[in-house]
Amino acid sequence: MTIFCSHCHRPLQAEMSCLPRRGKQAPSASKPFRSTKSASKARRDQINAELQALRSLLPISAREKERLSYLHTMALVCLRLRGAQLFPPDSAPPVGPALGAELLSLLPGFLLVLLANGKLVYISENVAQVLGLSMVELLAQGDTVFDILDGRAHEDARKKLLLAQEEPGREVTFVSEMRTSKAFRLQHGGNQAVAVHGRFTALCWPASPSTAAFLALCTPVVWLPADNNAGSQDNLFQSTHVLDMTFIDVTESVTYHLGYCREELIGQSWYSLLHPEDADLAAAQHRAVGESLGAGAAAGTAVLRVLRRDRTWAWLCVSARRDGGGHAITCTSHCLREEEAAYLRARQHRPAPRTTAPP
């Protein structure tokens, strides 16, 4: 019995080529067969050439360009495109990325601009002073703020960004450790804790949801006494006490931070200003100062609440040491936001990381 082909009506054994073969497409005049290997190589070469062209257009140093991978190049290009949407050349936004080095050097931290979904739009160049990484190196971690934050802070950061987005103009703060250079971690024993304080604002006019971004100032959370000589001194004041913690001197800047005149505090006890719940913590630090050997010996750091003149509470990070030949106590107090104080108190109770002996 002869089986005929339904396509050409010839015997099946005589003509098998008329059947379409699975997985292959018949050639045509418009699509001739090409080598898959050579075609893939041609496409790769074309993509590489375009990426090299994009990399050459980035406004960064030649040394940084040489270190960029193709994926990193695309991340930087996306960052610039997002910035161009919010900072078009023909607009005059309230705050733009073209900030001089002189102005940036006056800031206590670096500037950060985010979209509502956390995508990075702008990082000021002075970020290297805080994290030890340049803007280009930091972006190698990822193109969202969550890529550069400690994983434990992701949920809190998302909640605060959502809150700020729902109430435009409302300022929010969250604290997290940010990724740093290896040299920074070796010197300081870990990543840098940073307080991100900002709000959503319209950066282009007319204002619209698509032109709004989260503009924030990121300041390092100072942990005295190790950081006593670093960063801005604007949030500091110093006081001198006799051994029972009675004020005998205080810097004039205390008026700005606590509202008291210098003369009002001299002769008062430090304990009269403390929050009742923090008295035991302050007393423990006081005993440690009394037991310290010699003048100038630091006695640890405490995060305390102190009463302002307007009857509100101020959070302070206080470092104390014996001074004046051991007959006086000098306190260096760094003013904190509530979120910074919560972070530092949690850090005080965090178990120390395990260390292993070198081989």
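Residues numbered from 1 in each chain as written. Predicted model: local features only at pLDDT ≥ 70, side-chain atom pairs only at ≥ 80, totals over all residues. Heavy atoms only, no water.

- By the naming in an unreviewed UniProt entry, the protein chain goes by NPAS4 protein and is assigned to Pelecanoides urinatrix.

Description of the pairing of strand E9 (residues 313-323)
Point 1. In terms of residue burial, E9 counts as a mostly covered element, since 8 of its 11 residues are buried.
Point 2. Bridge count for E9 against strand E10 (residues 328-336) is 9 bridges, and the pairing is antiparallel. When the sheet's bridge partners are listed, arginine 322 is paired in E10 with isoleucine 329. (Buried < 20%, exposed > 50% of the residue type's maximum accessible area, 1.4 Å probe, protein only. Helix = DSSP H or I, 4+ residues; strand = E, 2+ residues; numbered from the N terminus. Pairing = 2+ DSSP bridges.)

Re the pattern of salt bridges
Point 1. Enumeration over the complete set of coordinates arrives at 10 salt bridges.
Point 2. Between aspartate 249 and arginine 262 there is a salt bridge whose closest N-O contact spans 2.9 Å. Placement of the pair is aspartate 249 in strand E7 (residues 247-250) and arginine 262 in helix H11 (residues 262-265), with a sequence separation of 13 residues.
Point 3. Among the residues examined, aspartate 249 registers a relative accessible area of 31% and is labelled partly exposed.
Point 4. Of the charged contacts, one joins arginine 305 and aspartate 278 as a salt bridge, the two residues approaching to 2.9 Å between their closest N and O atoms. Placement of arginine 305 in strand E8 (residues 298-307) and of aspartate 278 in the loop between H11 and helix H12 (279-291) is noted, with a sequence separation of 27 residues between them.
Point 5. Overall, the relative accessible area of 2% leaves aspartate 278 in the buried class.
Point 6. Residues joined in a network through salt bridges with shared partners are Glu277, Asp278, Arg305 and Arg345. (Salt bridge = Lys/Arg side-chain N within 4 Å of Asp/Glu carboxyl O.)

Details of the UniProt feature "domain: PAS" (unreviewed entry) in the protein chain
Point 1. This chain's UniProt record puts "domain: PAS" (unreviewed entry) on residues 102-168 and 247-278.
Point 2. As a span, residues 247-278 carries 28% helix and 12% strand, and end to end its C-alpha atoms are 19 Å apart. (UniProt positions renumbered as here; feature names shortened; annotations may be inferred.)

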